[in-house]
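# Summary of the model geometry
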Amino acid sequence: MGDGVLVLGREQVAACLADRHREIVTAVRSAYEAHAAGTATVPFSVFLTDPSRPRDRIVGMPAYLRADERAGMKWISSFPGNVDAGKDRASSVIAVNSLADGRVTSLMEGSEVNFARTGASAALAARTLHTEERLSTLGVIGCGPINLAIVRNLLAEYGGECRVLLFDVVEDRARLFATRVRAFAPGSDVGTAGSTDEVLGAAPLVSIATNVREPHIASLTGCPDGATILHMSVRDIAPGELERRDNVVDDPDHICRVGTSLHRIEQRHGNRDFIRCTLGDVLLGRSAPRRDRDEVLVYSQFGLAMLDIAVAAHVQETAEKAGIGTRVPDFHGG
């Protein structure tokens, strides 16, 4: 590791992540296991908002991985109005700190890290919790960049093509998404659905990643037996329906906050008895993958900053070995 701070732009980060699905999944898995074992610290996110602009927010997300001697902060904004202006809804920067002296060792654009860690964590959750050895039909609700990363990672994880059924409230967005999936998975049968119910009724594995603020899925009764729902945007499923299901989460404290569907269930009942376990519990063998093989399982992921820090540390190491990025030797002064 050189002196100073390594600065990496988006394309440089993407280059460090390209064709590294297995390493990223391994880094994500290690982070979940560390969290479940008590060797990771993930404080609550800090939300910076303006009451006059309730849709816009900037979030600070710190994390500390003791085993890897890494800590850091993800600073991410979400401005939904950007989409209408032709810009990405979210943008972020990640700072990685050394635990030897506390100094920042790298600063990098965070969008590619976010896509990589979210896609890898979804693939890990599916492989750990879902019953199918090979994917038959993958359902996608919400055709944005997060679900595109998830589809890419799921197909890489399962090692082959499958039927992919898409739905988005904006039809053009679904069609563009389908074109992009066909580009990296030309053997897959990619089609669009007319509703969320059509997707839920056809696909044993469904990924939901939208930017809604209120639940819009009233029922999961039409899902196939043994279906697995990756509830990545955590506000989509009606609380009364969600509490009836086999619920696995990434972290109960984080997921039961800021108006998520699970937070609303906790507020209604005053407990978290509806959450069976965490993904980390399953990975460490402390809980079974499913309560019942034929029951619908919902995995709700808030998105823990430890995943970003784990993947960002991997990016930093890759960049240093390959000589990628700009090093600022006097960043910290004397």
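Anything mentioned here points back to the structure above.
Attention here is on the structure that accompanies the text. This structure is a prediction, so every number in the text was calculated from the model and none was measured.

Regarding its fold elements, the chain presents 11 helices and 16 strands. If you line up the chain on its principal axes, its C-alpha atoms span 65 × 45 × 45 Å. Among the 334 residues that make up the chain, the fraction classed as buried is 53%. Looking at the chain alone, contacts between residues at least 24 apart form 70% of all its contacts between residues at least 6 apart. Total accessible area on the chain stands at roughly 14500 Å², and carbon and sulfur atoms take up 49% of it. Averaged over its 37 positive side-chain charges, the chain has a centre that lies 1 Å from the centre of its 43 negative ones.

Turning our attention to the nonpolar core. Nonpolar side chains tend to gather and get buried jointly when the protein is soluble and globular. Within the largest apolar cluster, 73 residues are counted, with the highest numbers of intra-cluster contacts made by Tyr-32, Met-108, Leu-154, Tyr-299, Met-306 and Val-315. Broken down by element, the residue count for this core peaks at 10 residues, all from helix H3 (residues 111–129). Setting aside its immediate chain neighbours within four residues, Val-315 contacts Leu-8, Val-13, Cys-16, Leu-17, Met-108 and Val-113. Core analysis: the next-biggest nonpolar cluster, separate from the first, contains 27 residues, Leu-165, Leu-200, Ile-237 and Leu-242 among them.

What the eight strands build is an open sheet, ordered E10-E9-E8-E11-E12-E15-E13-E14; its pairing is parallel. Each having just a single partner strand, strand E10 (189–192) and strand E14 (275–278) make up the two edges of the open sheet. Averaged over all pairs of adjacent strands, the angle between strand axes in this sheet comes to 20°, irrespective of strand direction. Bridge analysis of strand E13 (residues 246–249) against E14 gives three bridges, and the strand direction is parallel.

Looking at helix H9 (residues 261–269), one finds that the buried residues are Ser-261, Leu-262, His-263, Ile-265 and Glu-266. Gly-270 occupies a position one or two residues after H9 and carries a positive phi of about 75°.

Structurally, His-231 is set in strand E12 (residues 228–231). Only 3.2 Å separates the side chain of His-231 from the backbone nitrogen of Asp-236, close enough to count as a polar contact.

Before going further, it helps to examine the pattern of salt bridges. One pass over the structure, following the stated rule, counts 23 salt bridges. In this structure, Arg-22 and Glu-157 form a salt bridge, with 2.9 Å as the shortest nitrogen-oxygen distance. Of this pair, Arg-22 sits in helix H2 (residues 21–37) while Glu-157 sits in helix H4 (residues 145–158), and the two are 135 residues apart along the sequence. Residue classification places Arg-22 among the partly exposed positions, given a relative accessible area of 43%. The buried category is assigned to Glu-157, whose relative accessible area is 12%. Connected through salt bridges with shared partners, the residues Arg-10, Asp-88 and Glu-112 form a single ionic network.

Okay, the pairing of E13 next. Alternating positions in E13 separate into two faces, Asp-246 and Val-248 on one and Asn-247 and Val-249 on the other, with burial throughout. Note: E13 against strand E15 (residues 297–300), four bridges, orientation parallel. Among the inter-strand pairings, Val-249 is bridged to a residue of E15, identified as Ser-300.

Take the side chain of Ser-45 next. Turning to its location among the elements, Ser-45 is positioned in the loop between strand E2 (40–41) and strand E3 (46–50). Residue classification places Ser-45 among the buried residues on the basis of a relative accessible area of 7%. When sequence neighbours within four positions are dropped, the list of residues in contact with Ser-45 reads Val-59, Gly-60, Met-61, Arg-257 and Phe-302.

Rules behind the numbers
Residues numbered from 1 in each chain as written. Predicted model: local features only at pLDDT ≥ 70, side-chain atom pairs only at ≥ 80, totals over all residues. Heavy atoms only, no water. Helix = DSSP H or I, 4+ residues; strand = E, 2+ residues; numbered from the N terminus. Buried < 20%, exposed > 50% of the residue type's maximum accessible area, 1.4 Å probe, protein only. Contact = heavy atoms within 4.5 Å. Areas by Shrake-Rupley, 256 points an atom, 1.4 Å probe, with all protein chains shown as cover. Lys, Arg positive; Asp, Glu negative; His and termini not counted. Charge placed at Lys NZ, Arg CZ, Asp CG, Glu CD. Core = buried A, V, L, I, M, F, W, Y, C linked by side-chain atoms within 4.5 Å. Pairing = 2+ DSSP bridges. Axes fitted to C-alpha atoms, helices over the stretch in contact; angles between N-to-C directions. Polar contact = N/O pair within 3.5 Å; in protein donor to acceptor, adjacent residues only side chain to side chain. Salt bridge = Lys/Arg side-chain N within 4 Å of Asp/Glu carboxyl O.

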